[in-house]
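Chain and residue survey
What follows is each chain in one-letter form.
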Amino acid sequence: DSELDAAQELNKKGFARGAGAIAGVVLESHLSRVCENHKIKVTKKRPTINDYNQLLKDNDVIEMKDWRFIQLLADLRNLCDHKKKKEPTKEDMEELINGVDKITKTIF
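Below: a short report on this structure. Note that the structure is a prediction, hence the values are computed from the model and not measured. (Residues numbered from 1 in each chain as written. Predicted model: local features only at pLDDT ≥ 70, side-chain atom pairs only at ≥ 80, totals over all residues. Heavy atoms only, no water.)

Quick look at unusual backbone geometry
Its identity is not glycine, yet Lys39 carries a phi of approximately 55 degrees, on the positive side. For Lys39, the position within the fold is in the loop between α2 (16-37) and α3 (49-58). The phi dihedral of Asp60 is positive, around 55 degrees, even though this residue is not glycine. By secondary structure assignment, the location of Asp60 is in the loop between α3 and α4 (64-81). Assessed through its relative accessible area of 69%, Asp60 is described here as exposed. (Helix = DSSP H or I, 4+ residues; strand = E, 2+ residues; numbered from the N terminus. Buried < 20%, exposed > 50% of the residue type's maximum accessible area, 1.4 Å probe, protein only.)

So, helix α1 (residues 2-12)
Residues Leu4, Ala7, Gln8 and Asn11 constitute the buried set of α1. The arc that holds every buried residue of α1, seen down its axis, measures 100 degrees, which confines them to one face. Residues Ser2 and Asp5 are exposed on α1 and point more than 90 degrees away from its buried face. Buried residues belonging to α1 abut α2 and α5 (90-106). The first or second residue beyond α1 is Gly14, which carries a positive phi of 95 degrees. (Arc of directions from axis to C-beta. Contact = heavy atoms within 4.5 Å.)

Looking at the nonpolar core
Generally speaking, a soluble globular protein has its nonpolar side chains buried in company with each other. By size, the foremost hydrophobic cluster in this structure holds 28 residues, and its most contacted members are Leu27, Leu31, Leu56, Ile70, Leu96, Val100 and Ile103. Of the residues forming this core, the biggest block, eight residues, is contributed by α2. Apart from the residues within four sequence positions on either side, Ile103 is in contact with Leu27, His30, Leu31, Phe69, Ile70 and Leu73. (Core = buried A, V, L, I, M, F, W, Y, C linked by side-chain atoms within 4.5 Å.)

Quick look at the environment of Ile70
Here Ile70 shows up in helix α4. Between the alpha carbons of Ile70 and Asn50 there is a distance of 7.9 Å; along the sequence they are 20 residues apart. When near neighbours in sequence (up to four residues on either side) are disregarded, Ile70 contacts Leu31, Ile49, Asn53, Ile62, Ile103 and Ile107.

Description of the pattern of salt bridges
Scanning the entire structure with this criterion turns up nine salt bridges. Arg77 is the partner of Glu28 in a salt bridge, and the nearest nitrogen-oxygen pair spans 3.7 Å. Of this pair, Glu28 sits in helix α2 while Arg77 sits in helix α4; the two residues are 49 residues apart in sequence, bridging distant segments of the chain. When its relative accessible area of 23% is taken as the criterion, Glu28 is described as partly exposed. On the basis of relative accessible area, Arg77 is assigned to the buried category, the value being 12%. Lys65 is the salt-bridge partner of Asp66, the closest N and O atoms lying 3.5 Å from each other. Of the residues examined, Lys65 reaches a relative accessible area of 56% and is grouped as exposed. A cluster of three or more residues bridged by salt bridges with shared partners is formed by Glu28, Arg77 and Asp81. (Salt bridge = Lys/Arg side-chain N within 4 Å of Asp/Glu carboxyl O.)

What follows is the structure in C-alpha cells.
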C-alpha cells in the first residue's frame, strides 16, 4: 500500500510517468506472488505482467474479465515505461493506481 501511496502522490504532483512505473512494479510483483501461491511454474527468465496474467488465466486462477482488466493495466503501465506517441495522463495513472489496488486486494 505504501508504494501505491507514493505513486498516488507522484501523480498528484504531475509525475505521471514515475507514478505509473511504480504502480506497474507493484502489479508485477503481486502477480508473481499469486503464481507462487498457486504453484504455477514460470519458465520465462524475465516475465512481464502479461506473462503472469496469461499463466494465471491458463491455470484457471483468474477469469476472463480479470485477465482483460489486467491487460488494460499493463497497457497503461507501458505508456510510462516505453516512449510512445501518447504520453500518460494523470487520469490514466489514476486508473492504473486504482486498478492495481483492486487487483492486490481481490486476487490471491
